[in-house]
Amino acid sequence: MAYRPPKAAIGGDEVAFGAPHRHFRVTDSTNARARELAEAGVPGGTVVTAEEQTAGRGRQGRTWTAPTGKALLYSAVLRPLDERHMLLPLAVPLAVCEAAEELRPGIECAIKWPNDVWLDERKLAGVLIEAKPQDGWAVIGVGLNLSIAPDEFPDDLRWPAISLFGALVAATAALNRHLDRWVAAPRNEILAAWRSRDALRGRDVAWDGGAGVAEGIDDSGDLLVVVGGGDRVVLGAGEVHLRL
Ligand code: BTN
């Protein structure tokens with residue numbers, strides 16, 4: 001792989017995402033490729049994309065599949081990784097929301113804790129962050145659906161007919177830019193923006209072992225849930241579901 005020199009730093013040692021960029025027609029998992037590159041010492045900001053994954057990884061050990069060429073399959077190396085990135089799992093979906101909204105003006109994305117991106121109550125994108133803090137890097141994996149059927153939107157929000165190639169290039173560029181901003185954003189901005197997009201707040205949720213009403217996130221990004229009797233439970237990891 002021939003590396004282009006990284007973009008100029010945004011300031012201090014903040015990362016600019018998008019260079020170098022390696023694109024695969026098919027690979028097992030862009031996160032796996034990006035991890036290998038991180039282990040090999042590539043600079044922060046390195047991005048890997050693919051048209052197709054044969055072993056895409058999802059959260060909680062699940063697999064992630066997407067029809068060939070119809071989703072942005074994106075992994076980026078964040079390096080250095082340090083205490084400024086404690087809220088990275090909250091910052092990344094904010095960047096994905098803004099990238100999607102830029103690509104399709106008029107839509108409004110929400111976030112389902114911890115980092116699923118929703119559009120009209122359906123999952124538009126998933127985020128898988130794999131980190132090796134002792135080596136000072138993380139891989140930010142994003143799968144973003146780019147080909148939602150037009151009739152899933154109200155008439156006035158229909159996606160413009162742009163080529164798939166154009167959509168993938170534009171989506172990659174938009175995500176790079178919004179990650180630049182959100183990965184380096186101050187905690188209070190991340191928390192405020194995340195809270196303004198919280199898809200679960202005030203709604204009935206359930207998880208393995210309990211159920212209650214979601215009350216938002218605390219300042220570490222943990223989910224607060226009020227359960228029977230008014231007690232409050234703090235969920236730090238795992239999966240919650242809406243109770244419909
Ligand atoms: C989730 O379970 O919601 C997270 C899904 C993350 C999928 C993306 S696709 C690009 C990158 N490569 C992977 O193998 N996984 C992530």
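Residues numbered from 1 in each chain as written. Predicted model: local features only at pLDDT ≥ 70, side-chain atom pairs only at ≥ 80, totals over all residues. Heavy atoms only, no water.

A. Structural detail: the sheet that holds strand 7 (residues 137-145). Strand order in the open sheet formed by seven strands is 1-2-3-7-6-5-4, with mixed pairing between adjacent strands. At either margin of the open sheet sits one strand with a lone partner, and together these are strand 1 (21-27) and strand 4 (110-112). Taken pair by pair, the neighbouring strands of this sheet meet at an average axis angle of 20°, ignoring direction. In this structure, strand 3 (residues 71-78) lies alongside strand 7, joined through eight bridges in antiparallel fashion. Bridging across to strand 7, Leu-78 finds its partner in Ala-138. (Pairing = 2+ DSSP bridges. Helix = DSSP H or I, 4+ residues; strand = E, 2+ residues; numbered from the N terminus. Axes fitted to C-alpha atoms, helices over the stretch in contact; angles between N-to-C directions.)

B. Region of interest: the site of the ligand. Close to the ligand lie 19 residues, the nearest being Ser-29, Gln-53, Arg-57, Arg-59 and Lys-123. Between a nitrogen atom of the ligand and a side-chain N or O atom of Thr-30, the distance comes to 2.9 Å. Here Lys-123 contributes a side-chain N or O atom positioned 2.6 Å from an oxygen atom of the ligand. At the level of secondary structure, the elements contributing two or more residues to the shell around the ligand comprise helix 1 (30-39), strand 3, strand 6 (122-132) and strand 7. Take the shell around the ligand: its biggest share by element is four residues, from strand 6. Per-class residue counts for the shell around the ligand are six nonpolar, nine polar and four charged. (Near = heavy atom within 4 Å. Polar contact = N/O pair within 3.5 Å; in protein donor to acceptor, adjacent residues only side chain to side chain. Nonpolar A, V, L, I, M, F, W, Y, C, P; charged D, E, K, R; others polar.)

C. Focus on the environment of Ala-131. Examined against the element boundaries, Ala-131 turns out to sit in strand 6. Relative accessible area serves as the criterion here: at 42%, Ala-131 is assigned to the partly exposed category. Residues Ala-131 and Leu-78, spaced 53 residues apart in sequence, show a C-alpha to C-alpha distance of 9.0 Å. When residues no more than four places from it in sequence are discounted, the contact partners of Ala-131 are Leu-81, Trp-137 and Ala-138. (Buried < 20%, exposed > 50% of the residue type's maximum accessible area, 1.4 Å probe, protein only. Contact = heavy atoms within 4.5 Å.)

Everything listed is a geometric property; what it means functionally is a separate question.
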